Amino acid sequence: MRTLIIYIMHIKSAIFDLSAPDLELCPPESLPEFAFIGRSNVGKSSLLNMLSGKKDLARVSITPGFTKLINFFTINNEWYLVDLPGYGFAKVARENSAKFNDAVTNYIAHRPSLACVFVLIDARHEPQGIDLEFVKWLGDRSTRFVLVFTKTDKTKPAQLQENVELFRVQMSLWWEEVPEIFTTSAVSGQGRNELLGYVERTLAKGWEESELELEQEPDQSADQVQEEPEEE
Ligand code: GDP
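From a predicted model like this one, the values you see are computed outputs, not experimental measurements.

Peer 1: Give a description of the packing of aromatic side chains that names residues and reports values.
Peer 2: In total, this model carries 13 aromatic pairs according to the counting rule given. Taken together, a centroid distance of 5.3 Å and an interplanar angle of 80 degrees make the contact between phenylalanine 34 and tryptophan 79 edge-to-face. On the criterion of sequence distance, the pair formed by phenylalanine 34 in strand S3 (residues 33-38) and tryptophan 79 in strand S5 (residues 79-83) is long-range, its members being 45 residues apart. Residue phenylalanine 34 is classed as buried on the basis of its relative accessible area of 0%.

The following block contains the structure:
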């Protein structure tokens, strides 16, 4: 018999902090940061509201004119939830450059307190070029990230499984290990505990190592844990 540790996070507070137009105007690096990004309309605002338990947490990020800002929210006085601008607007990609705005790429590339990027993928679609391109960029530069499939209530289980698998296969062609994959629905709340648990687990393990970190054994020294016996 071995011990399975389940990480749980309760949201006690979720407070909008500030919006930054670029890396220079981001807040001091006082807390670990968990950033959320995806194509426009992927369901990011809905997911952030669902995670925080606040109906309009991400309202600021959908206000016209504010869509290019990096929005910081302090959660439980313990970590920053970072709402990154969506990608995929650029009509023409410059050669050898990603179609992502400079504030986002600078933030991701030069922010030591960034603990993890949550890449949101619409569960209804097969892998899209721009999502794959972004994920490849993250993985190749060893930024820790996970995939979060959204709107799973709009997919049939078989379709969801197929789209997840397509992504997994593509990533396994690039790297030996593939990052964790979560499936979520802002409507049903599916995936909430798992995502928040992942944040808790990352915090407990020491987020400073922002290298891509895959399939590690749970750390038994974490304090917010429940233990469950697991059959051999
Ligand atoms: P954003 O542009 O990425 O912030 O996307 P929004 O959160 O504004 O969502 C875009 C659209 O998808 C809205 O009409 C939402 O109501 C809808 N939506 C978002 N998440 C879900 C979900 O989990 N399930 C369903 N059925 N609809 C969703």
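Peer 1: How would you summarise the environment of glutamate 200 if you had to cite specific residues and measurements?
Peer 2: Topologically, glutamate 200 is positioned in helix H6 (residues 192-205). Through-space distance from the C-alpha of glutamate 200 to that of methionine 9 is 6.0 Å; in sequence the pair is 191 residues apart.

Peer 1: Tell me about the site of the ligand, and please be specific about residues and values.
Peer 2: Close contacts around the ligand come from Asn41, Val42, Gly43, Lys44, Ser45, Ser46, Lys151, Asp153, Lys154, Ser185, Ala186 and Val187, and that covers them all. For the shell around the ligand, the per-class residue count stands at three nonpolar, five polar and four charged.

Peer 1: Before we move on, could you go through helix H4 (residues 129-140) and cite the residues and values that matter?
Peer 2: With twelve residues, H4 ought to run about 16 Å at 1.5 Å a step, and its terminal C-alpha atoms sit 16 Å apart, in line with that. All buried positions along H4 are accounted for by Ile130, Asp131, Leu132, Phe134, Val135, Leu138 and Gly139. If you follow the buried residues of H4, they end up packed against S3, helix H3 (102-109), strand S6 (114-122), strand S7 (145-150) and helix H5 (157-174). Residue serine 142 follows H4 closely and has a positive phi angle near 60 degrees.

Peer 1: Which residues make up the nonpolar core, and what values do they have?
Peer 2: Within the largest apolar cluster, 37 residues are counted, with the highest numbers of intra-cluster contacts made by Tyr107, Ile108, Val119, Phe145, Leu147, Phe149 and Met171. Among the elements of the structure, S3, strand S4 (70-75), S5, H3, S6, H4, S7 and H5 are those that each provide at least two residues to this core. Counting residues per element, this core draws most heavily on H4, which supplies five residues. Contact partners of isoleucine 108, with chain neighbours within four places excluded, come to Leu84, Leu114, Val117, Phe134, Trp137, Leu138, Arg141 and Thr143. Core analysis: the second largest hydrophobic core is formed by 27 residues, Met9, Phe34, Ala58 and Val148 among them.

Peer 1: Describe H5, naming the residues involved and giving the relevant values.
Peer 2: With 18 residues, H5 should cover 26 Å at 1.5 Å per step; its first-to-last C-alpha distance of 26 Å lies within 8% of that length. Taken together, the buried positions of H5 are Leu160, Asn163, Val164, Phe167 and Met171. Looking straight down H5, one finds its buried side chains confined to an arc of 95 degrees; they lie on one side. Turned more than 90 degrees away from the buried face of H5 sit Ala158, Gln161 and Leu173, all of them exposed. In this structure, the buried side of H5 is in contact with S6, H4, S7 and strand S8 (181-183).

Peer 1: Could you give an account of the packing of H4 against H5, naming the residues involved and the relevant values?
Peer 2: Running from N to C, H4 and H5 point in directions that differ by 40 degrees, and their axes come no closer than 11 Å. Judged by the angle between their axes, H4 and H5 are oblique. For the pair H4 and H5, the sense of crossing is right-handed. Contacts between H4 and H5 involve Asp131, Leu132, Val135 and Lys136 from the first element and Phe167, Gln170, Met171 and Trp174 from the second.

Rules used throughout
- Residues numbered from 1 in each chain as written.
- Predicted model: local features only at pLDDT ≥ 70, side-chain atom pairs only at ≥ 80, totals over all residues.
- Heavy atoms only, no water.
- Phe/Tyr/Trp six-rings, centres within 6.5 Å; stacked < 30°, edge-to-face > 60°.
- Helix = DSSP H or I, 4+ residues; strand = E, 2+ residues; numbered from the N terminus.
- Buried < 20%, exposed > 50% of the residue type's maximum accessible area, 1.4 Å probe, protein only.
- Near = heavy atom within 4 Å.
- Nonpolar A, V, L, I, M, F, W, Y, C, P; charged D, E, K, R; others polar.
- Expected span 1.5 Å × (residues − 1).
- Contact = heavy atoms within 4.5 Å.
- Core = buried A, V, L, I, M, F, W, Y, C linked by side-chain atoms within 4.5 Å.
- Arc of directions from axis to C-beta.
- Axes fitted to C-alpha atoms, helices over the stretch in contact; angles between N-to-C directions.
- Parallel < 35°, antiparallel > 145°, perpendicular 65-115°, else oblique.
- Left-handed = near helix turned anticlockwise from the far one by under 90°.

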